Structure formats: C-alpha cells, structure tokens
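# Examining the three-dimensional arrangement
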Amino acid sequence: MNPLLVITLVALMGFGFVEPVLWLAAAVLVFAQVRYGRRADGSAGSRGEREYRAYRDRRDAQAVFERRYQRERRGWLSRQARRQGGRPGGRA
C-alpha cells in the first residue's frame, strides 16, 4: 500500500474521534484502494484488464502462427506454380 495513503488513513482515523465523518472518509479510501488499486505483484486488478491481456495474448499467438505458416504456404504455392508452369495460385 502507498505510504502516503497509510499516513492519510491513520490521520483520518485519529481525527475521527473529533469528527466521526472522517471515519467515513477513511472507510471510503480503504474501499477505493481495495477495489480499484493495483496489486503489489503488478498484476491487473480489474476484470477488464485481465480480459484484455488474455485477448492480447491470443492475438499475438495467432499472429505468430500466421507468420510461421504463411512462409510454408507461400513455398507450397510457388512449387505448385512451377509444376504447372504458371503464376502462384494455380492460374496460368
């Protein structure tokens, strides 16, 4: 947790004995940190960020697959064209 946030929470809870509304402010800060704050391990906290990371990983894996097998497909088309004596794609 951020040290400035901890100091603010301690101050709000201390002054909460004078003005109880400050306890509510401290509770709101704790809720916001737990709900929206980033985790200490650096992983994404929200569901949307996790879903986007999964989408990005799938997209990148698909791009690697396409780059890898596009070369093989291009070579296969070239061999077919040489056998048929025409352009790649089988058209003469």
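You'll find the structure just up there.
What this report covers is the structure whose coordinates are included nearby. (Residues numbered from 1 in each chain as written. Predicted model: local features only at pLDDT ≥ 70, side-chain atom pairs only at ≥ 80, totals over all residues. Heavy atoms only, no water.)

### Notes on helix α3 (residues 47-84)
- Taking 1.5 Å per residue, 38 residues should reach 56 Å; α3 reaches 54 Å between its end C-alpha atoms and fits that length.
- The largest bend in α3 comes to about 25°, at Y69. (Helix = DSSP H or I, 4+ residues; strand = E, 2+ residues; numbered from the N terminus. Expected span 1.5 Å × (residues − 1). Bend = angle between axes of the 7 residues up to and from the residue.)

### Brief notes about the packing of helix α1 (residues 3-15) against helix α2 (residues 21-36)
- Interhelical geometry of α1 versus α2 gives an angle of 155° and a closest axis separation of 7 Å. On the basis of their axis angle, the class for α1 and α2 is roughly antiparallel. Classified by chirality, the crossing of α2 by α1 is left-handed. Here L5, T8, L9, L12, M13 and F15 of α1 come into contact with α2, specifically with L22, W23, A25, A26, L29, V30 and Q33.
- Along the lines of polarity and charge, the residues of the contact of α1 with α2 split into 11 nonpolar, 2 polar and no charged. (Axes fitted to C-alpha atoms, helices over the stretch in contact; angles between N-to-C directions. Parallel < 35°, antiparallel > 145°, perpendicular 65-115°, else oblique. Left-handed = near helix turned anticlockwise from the far one by under 90°. Contact = heavy atoms within 4.5 Å. Nonpolar A, V, L, I, M, F, W, Y, C, P; charged D, E, K, R; others polar.)

### Quick look at a positive patch on the surface
- Together, R67, R68, R71 and R74 line one region of the surface with positive charge.
- Summarising the element assignment, R71 is placed in helix α3. (Patch = residues over 30% accessible without salt bridge, like charges linked within 9 Å, V, L, I, M, F, W, Y side chains within 5 Å. Areas by Shrake-Rupley, 256 points an atom, 1.4 Å probe, with all protein chains shown as cover. Salt bridge = Lys/Arg side-chain N within 4 Å of Asp/Glu carboxyl O. Lys, Arg positive; Asp, Glu negative; His and termini not counted. Charge placed at Lys NZ, Arg CZ, Asp CG, Glu CD.)

### Regarding a nonpolar patch on the surface
- Nonpolar side chains collect at one region of the surface, where M13, F17 and W23 lie side by side and expose about 380 Å² of accessible area between them.
- Mapped onto the fold, M13 is located in helix α1.

### A short note on the environment of G37
- Secondary-structure assignment places G37 in the loop between α2 and α3.
- On the basis of relative accessible area, G37 is assigned to the buried category, the value being 19%.
- Taking the C-alpha atoms as reference points, G37 and N2, separated by 35 residues in sequence, lie 9.9 Å from one another. (Buried < 20%, exposed > 50% of the residue type's maximum accessible area, 1.4 Å probe, protein only.)

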